[in-house]
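Coordinates in review
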Amino acid sequence: MSVPTPADVAAAAERIRPYICHTPLKPSRSLSAHTGVRVFLKLESMQPTGSFKLRGATNALLSLAPDEQARGVVTCSSGNHGRAVAYVAQQLGVPAAIFLSELVPQVKVAAIRELGAEAVVAGADFAQADLAAHRFAEEHGRVYVHPYDDPHVIAGQGTLGLEILADLPEVDVVIVPLSGGGLLGGVALAIKAAKPGVRMIGVSMERGPSMALSLEQGRIVSVVEEPTLADALSGDVGFDNRYTFPLVRDLIDDVALLSEEEIAAGMVHALLTERLVLEGAGATPLALLLSRPELAQGRTVVAVCTGDNVTMSVLLELATRRTP
Ligand SMILES: *Cc1c(COP(=O)(O)O)cnc(C)c1O
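These remarks concern the structure in this document. (Residues numbered from 1 in each chain as written. Predicted model: local features only at pLDDT ≥ 70, side-chain atom pairs only at ≥ 80, totals over all residues. Heavy atoms only, no water.)

**Digging into the sheet that holds strand β8 (residues 199-205)**
Pairing is mixed across the open sheet formed by six strands, whose spatial order is β1-β2-β10-β7-β8-β9. The open sheet is flanked by β1 (25-27) and β9 (254-258), the only strands paired with a single partner. Neighbour to neighbour, the strand axes of the sheet diverge by 25° on average, direction disregarded. In terms of strand pairing, β8 meets β9 through five bridges, oriented parallel. Looking at β9, one finds that glycine 202 is bridged to valine 255. Contacting β2 (38-43), β7 (173-177), β8, β9 and β10 (300-305), helix α13 (residues 280-291) crosses the sheet at an angle of about 145° to β10. (Pairing = 2+ DSSP bridges. Helix = DSSP H or I, 4+ residues; strand = E, 2+ residues; numbered from the N terminus. Axes fitted to C-alpha atoms, helices over the stretch in contact; angles between N-to-C directions. Contact = heavy atoms within 4.5 Å.)

This is how it looks when you write it as structure tokens:
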């Protein structure tokens, strides 16, 4: 496979259109008042699987040859990519096995099983589960669909950037959560091809930010995976990375890290003020605007709310603790 291009993002948008939602951009009164600039929330949490991961997974599965589809797919995931693969696989009649580590929340494992995919919990962290996934793919002659370092996945995620450009041509800052970088890479590819001046800000958690540390050191570094509210952002970039590290390195303008407290504040603000259910990772752009409003240097800012797959009791407890 070759390096993804803006043309690949445009092709992906056509290919996946029947399977995904063109999500709304909701103006945020609270964050616009807080920052002094116009803030819009891109509600990817409204995708049928509760996250943008459906875009990349759909593009990847639709790009397989018929014999590959017949043999089935394997993946490893922090949860949302697995759920997305399971959902598309069910629609296309493709067998799917999803490998997950013990750190993946139970809600995410259950949602994958509900879609009829095989969910295998294997290993203490992503790296261990991923090893098992690759072994399984080899043994069963199945295609491994990488959660981010795959040109079809990157191009699929980029389609949400095209929607932002179409709905809000005056956008000048886009804030996205950053983990493996499939999302930031794809969105930046799509947006900067049309509007090179748009600033792309990536946001990760302080607990194990593999991509942020790798960017800082100019080479891929490994981190210890720790429990975090932003569980969808955990895991390594991977020493065998081919696409997302160079793409993110070349296209990102700024990267910020958040504490668990700040992520919690973002989730609670989303729920109580915006009336939005967001998981920790999905609330990080909003959390960043709350804690560092000065980073919104522009006039029109989009915060991508990437997912809603949160354990409800966790979210409600955070909200109760913080409600006067
Ligand atoms: C996967 C995921 C991200 C990060 O995407 P990458 O392509 O790995 O950088 C952000 N938010 C949510 C909810 C996710 O599931």
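**Points about the packing of helix α5 (residues 80-92) against helix α6 (residues 106-114)**
Between α5 and α6, the shortest axis-to-axis distance is 9 Å and the interhelical angle comes to 10°. Our classification of the angle between α5 and α6 gives roughly parallel. Side by side, α5 and α6 meet where Asn80, Gly82, Arg83 and Ala86 of the first sit next to Lys108, Ala111 and Ile112 of the second. Here the contact of α5 with α6 is built from residues that sort into three nonpolar, two polar and two charged. (Parallel < 35°, antiparallel > 145°, perpendicular 65-115°, else oblique. Nonpolar A, V, L, I, M, F, W, Y, C, P; charged D, E, K, R; others polar.)

**What to know about the nonpolar core**
Ranked by size, the top nonpolar core spans 38 residues in total, and within it Leu41, Ile175, Leu288, Leu289 and Val301 carry the most contacts. Elements that contribute at least two residues to this core include exactly β2, β7, β8, β9, α12 (260-272), α13, β10 and α14 (312-322). Beyond its immediate sequence surroundings of up to four residues, leucine 289 is in contact with Leu31, His34, Thr35, Val39, Ile175, Ala296, Val301 and Ala303. Membership of the second largest hydrophobic core comes to 36 residues, among which are Leu160, Ile164, Leu168 and Leu215. (Core = buried A, V, L, I, M, F, W, Y, C linked by side-chain atoms within 4.5 Å. Buried < 20%, exposed > 50% of the residue type's maximum accessible area, 1.4 Å probe, protein only.)

**Brief notes about the environment of glutamate 138**
Mapped onto the elements, glutamate 138 comes out in helix α7 (residues 126-140). Residue classification places glutamate 138 among the exposed residues on the basis of a relative accessible area of 69%. For the pair formed by glutamate 138 and glycine 307, sequence separation is 169 residues and the distance between their alpha carbons is 31 Å.

**Points about α6**
For α6, the set of buried residues is Lys108, Val109, Ala111 and Ile112. The arc enclosing the buried residues of α6, seen along the axis, measures out at 160°, which places them on a common side. Across from the buried face of α6, at angles greater than 90 degrees, the exposed residues are Gln106 and Glu114. Against α5, β4 (96-100) and β5 (118-121) lie the buried residues of α6. In the stretch just after α6, glycine 116 is the one whose phi turns positive, near 85°. (Arc of directions from axis to C-beta.)

**Side note on the site of the ligand**
Near the ligand you find 16 residues, and of these Lys53, Asn80, Gly181, Leu183 and Thr306 are the closest. In the environment of the ligand, an oxygen atom lies 2.7 Å from a nitrogen or oxygen atom belonging to the side chain of lysine 53. One nitrogen or oxygen atom from the main chain of glycine 181 is found 2.8 Å from an oxygen atom belonging to the ligand. A total of 380 Å² of accessible area belongs to the ligand in isolation, and the protein chains cover 98% of it. Residues of the shell around the ligand, tallied by class, amount to seven nonpolar, seven polar and two charged. (Near = heavy atom within 4 Å. Polar contact = N/O pair within 3.5 Å; in protein donor to acceptor, adjacent residues only side chain to side chain. Areas by Shrake-Rupley, 256 points an atom, 1.4 Å probe, with all protein chains shown as cover.)

**Regarding the side chain of threonine 284**
In this fold, threonine 284 is placed in helix α13. Engagement of the side chain of threonine 284 in a polar contact is seen with the backbone oxygen of alanine 281, the distance being 2.8 Å.

**Observations regarding helix α9 (residues 182-194)**
Taking 1.5 Å per residue as the helical rise, α9 with its 13 residues ought to reach 18 Å, and the 19 Å between its terminal C-alpha atoms agrees with that figure. For α9, a buried count of eleven out of 13 residues is recorded, marking the element as mostly surrounded by other parts of the structure. The set of residues buried in α9 consists of Gly182, Leu183, Leu184, Gly185, Gly186, Val187, Ala188, Leu189, Ala190, Ile191 and Lys192. Elements in contact with the buried residues of α9: α1 (6-16), α8 (151-167), β7, β8 and α11 (244-251). (Expected span 1.5 Å × (residues − 1).)

**Some points on the pairing of β7**
Within β7, five of the five residues are buried, leaving the element largely enclosed by the surrounding structure. Across the two faces of β7 the burial is the same, with Val173, Ile175 and Pro177 and Val174 and Val176 all buried. Across three bridges, the pairing between β7 and β10 is parallel. The residue of β10 that forms the bridge with valine 174 is valine 302.

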